[in-house]
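# Results of the structural survey
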Amino acid sequence: MIVTGYMYQIWMEVGINDEKMDLRASDRGACYKRLCVCDGRNRPFTVNGAGSYSNLKDAVAAASKSGTTTIKLEGGDLEGCAVSIPSGFANLIIDFGGHTYTATEPFAGSTGTKTQAMQLLKGSNITLQNGRLRGKQNSANGLKMMIQNYANLTLKDFTVDASSLPAVQYVCSNNNGNVRYTGNTSILAAKGKVAFDVCGFSTSATYPGPTVTVDTTGTIDGIVEYSYNSQHSPSNVKLVIKKGDFTGTFNQVNDPKSEGIQISGGNYAEQPSSDYVKAGLVVKNSNSTTPYHIGADAEAAIANAEAGSTLTVLKGSAITNVPAGVKVENKTGDKITVNNEVVNPDASVVIPTPAVAPKTGDSTPIALYLLCAALAVVCAAWMAKRRKA
C-alpha cells in the first residue's frame with residue numbers, strides 16, 4: 001500500500017508471527033504489531049542520517065560500534081519491540097526526535113528474565129535523548145523493568161514513563177557504569193514503585209559498580225533505592241544528586257549513613273537524611289509541593305518566596321535576598337543572619353516592607369522641600385503676629 005500526503009498516516013495491524021507478511025526476520029511479526037505508513041514509508045529509523053530501518057533492533061544492528069553513531073526516530077510516535085544493546089559501542093546516540101517509543105513484547109533481558117523494555121550491556125557508551133520511552137503490558141508476566149543498565153548511560157532531555165504500569169517494579173535499574181540524568185530528564189514510576197536504583201551486585205571484578213549522577217530540571221517520581229552486596233562498598237556504588245525534583249522517598253538498604261549518597265542540590269517532597277546532604281544550606285518552603293530545598297535550589301526558593309509564606313532554615317548560617325512579607329524560622333540550633341539581621345535559635349522574623357520615600361515629581365532633593373516647608377511655617381507665624389500687632 002502506498003499512501004501519499006505529507007501528514008497522512010495509516011496504522012496497519014499486523015498479527016503476531018504473521019507469515020503472510022515478508023518481514024525478513026524471524027521475530028519481526030512479533031516485534032512490530034503496528035507499522036506506520038507515511039508517504040509510502042514504513043521504515044522510521046535512520047542511522048547517521050542514512051538508510052531506513054523498520055525497528056530499533058535492526059537500526060542497532062546496523063550501527064557502527066566505532067566512533068559516534070546516531071540512530072534517529074524520524075517517523076513519529078511508534079510502538080515496537082524491546083531491544084537489547086550489546087557491548088562495544090564507543091558512542092551510540094539514540095535520538096527519539098521528540099517522539100514516544102512504546103516498547104511491547106517480546107521484551108528484552110537475559111534467559112529467564114526477559115521482562116525489560118531495554119537492556120543495555122556493560123562495555124558500551126549510550127545516550128538516549130529527546131523523547132519518551134513507555135511500555136505496554138500484553139500479559140501478566142510481561143514488563144517488569146523499563147531499563148536494565150550495565151553500560152555507561154546518559155539520559156538527556158528524556159522521559160522514562162511507567163506511571164501507568166503498576167507491574168513495573170523498577171523504572172530504571174542501574175547495576176554498573178557511569179550514569180547521568182541531564183537536561184530535562186524525568187523518571188516516572190507508578191505509585192509505590194522504584195523510579196531508579198543504584199545497586200552494586202555480583203562481584204566488583206565482574207561489575208565494578210554504578211555511579212549515578214542526577215543533574216536535571218525534570219522530576220524523579222517514585223522511590224530512589226540504594227544498595228550493595230558484600231562484594232561492594234560506598235566507594236564504588238555512588239549516588240550524586242546535584243539537581244532535580246524528587247517526589248518520593250529514599251530507600252537505603254545498607255548502612256543509612258552511607259557515604260555513597262551525596263546530595264548538593266535539588267527539591268524534595270521528604271527531607272533527605274542530613275548524613276547525605278553535603279550542601280551548606282537547606283530550607284523548607286511551606287508553599288511548595290516539594291518543600292525541602294538544598295544548595296542552589298534553596299537559594300532560588302528563598303529569592304522566589306511569596307509574601308505570606310514561611311521559610312524554615314534547617315541548615316545554614318546566613319541567608320539573604322528574602323523578599324518582604326516572608327516569615328523566616330530558625331531551626332538550625334544556632335544563631336543565623338537573615339538579611340543581615342541576627343535571628344536566635346527557634347526564633348523567627350518577618351521581613352518588613354521597605355519604607356517608600358515620598359515622590360517629589362522631579363529631581364529636587366527632598367531635604368530642600370522640607371526646608372521650604374519649615375520656612376513657610378515660620379513665615380506664616382510671623383505674618384499672623386504682624387496682623388495682631
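Here, the structure is the one placed above.
Residues numbered from 1 in each chain as written. Predicted model: local features only at pLDDT ≥ 70, side-chain atom pairs only at ≥ 80, totals over all residues. Heavy atoms only, no water.

### Some thoughts on the sheet that holds strand β11 (residues 145-149)
- Strand order in this open sheet of seven strands is β7-β9-β11-β13-β16-β18-β20, and the pairing throughout is parallel. The strands lining the two open edges of the sheet, one partner per strand, are β7 (83-85) and β20 (250-252). Across the sheet, the mean angle from the axis of one strand to that of its neighbour is 10 degrees, orientation sign disregarded. (Pairing = 2+ DSSP bridges. Helix = DSSP H or I, 4+ residues; strand = E, 2+ residues; numbered from the N terminus. Axes fitted to C-alpha atoms, helices over the stretch in contact; angles between N-to-C directions.)

### What about the packing of aromatic side chains?
- Following the criterion strictly, the structure yields twelve aromatic pairs and no others.
- Ring geometry for Phe96 versus Tyr101: centroids 6.3 Å apart, planes at 55 degrees, classification tilted. In terms of burial, Phe96 and Tyr101 fall into one category: buried.
- Summarising the aromatic geometry, the rings of Phe250 and Tyr276 are spaced 6.4 Å apart at their centres and angled 55 degrees between planes, so their arrangement reads as tilted. Here Tyr276 lies in the loop between β22 (266-268) and β23 (282-285) and Phe250 lies in strand β20, a separation of 26 residues in the sequence.
- The class of Phe250 is partly exposed, set by a relative accessible area of 21%.
- Through a chain of ring-to-ring contacts, three or more aromatic side chains come together here, namely Phe45, Phe96, Tyr101 and Phe158.
- Its guanidinium or amino end placed over the ring of Phe89, Lys65 lies 5.7 Å from that ring's centre, counting from NZ or CZ.
- Seen from the ring of Tyr207, Lys122 lies directly overhead, with NZ or CZ sitting 5.5 Å from the centre. (Phe/Tyr/Trp six-rings, centres within 6.5 Å; stacked < 30°, edge-to-face > 60°. Buried < 20%, exposed > 50% of the residue type's maximum accessible area, 1.4 Å probe, protein only. Lys NZ or Arg CZ within 6 Å of the ring centre and 35° of its normal.)

### Some remarks on the nonpolar core
- Formed by 65 residues in total, the largest nonpolar core has its most connected members in Ile71, Leu128, Met146, Phe196 and Leu239.
- Phe196 has contacts with Cys172, Asn174, Tyr181, Ile187, Val212, Val214, Ile220, Ile223, Val224, Glu225, Leu239 and Phe246, leaving out every residue within four places of it along the chain.
- By size, the runner-up hydrophobic cluster in this structure holds 16 residues, among which are Ala298, Leu311, Val313 and Ile336. (Core = buried A, V, L, I, M, F, W, Y, C linked by side-chain atoms within 4.5 Å. Contact = heavy atoms within 4.5 Å.)

### Quick look at the pairing of strand β18 (residues 223-228)
- Most of β18 is tucked away, with five of its six residues classed as buried.
- When strand β16 (residues 194-200) meets β18, the two strands line up parallel, connected through six bridges. Across the sheet, Phe196 pairs through a bridge with Val224, a residue of β18.
- In the sheet, β18 pairs with β20 via three bridges, with the strands oriented parallel. Bridge pairing links Tyr226 to Gln252 in β20.

### Notes on the pattern of salt bridges
- For the structure on display, the rule yields seven salt bridges.
- In this structure, Lys278 and Glu259 form a salt bridge, with 3.3 Å as the shortest nitrogen-oxygen distance. With Lys278 in the loop between β22 and β23 and Glu259 in the loop between β20 and β21 (261-263), this pair connects stretches of sequence that are 19 residues apart.
- Counted as one network, the salt bridges with shared partners bring together Arg132, Arg134 and Asp161. (Salt bridge = Lys/Arg side-chain N within 4 Å of Asp/Glu carboxyl O.)

### Examining the pairing of strand β12 (residues 152-161)
- In terms of burial, β12 is a largely internal element, seven of the ten residues being buried.
- In the sheet, strand β10 (residues 125-135) pairs with β12 via eight bridges, with the strands oriented parallel. Directly across from Gln129, in β12, lies its bridge partner Lys156.
- As defined by bridge partners, β12 adjoins strand β14 (residues 177-183) across four bridges and the pair is classed as parallel. Looking across to β14, one finds that Leu153 is bridged to Val179.
- Pairing of β12 with strand β15 (residues 186-188) involves three bridges; the strand directions are parallel. Paired with Val160 across the bridge in β15 is Ile187.

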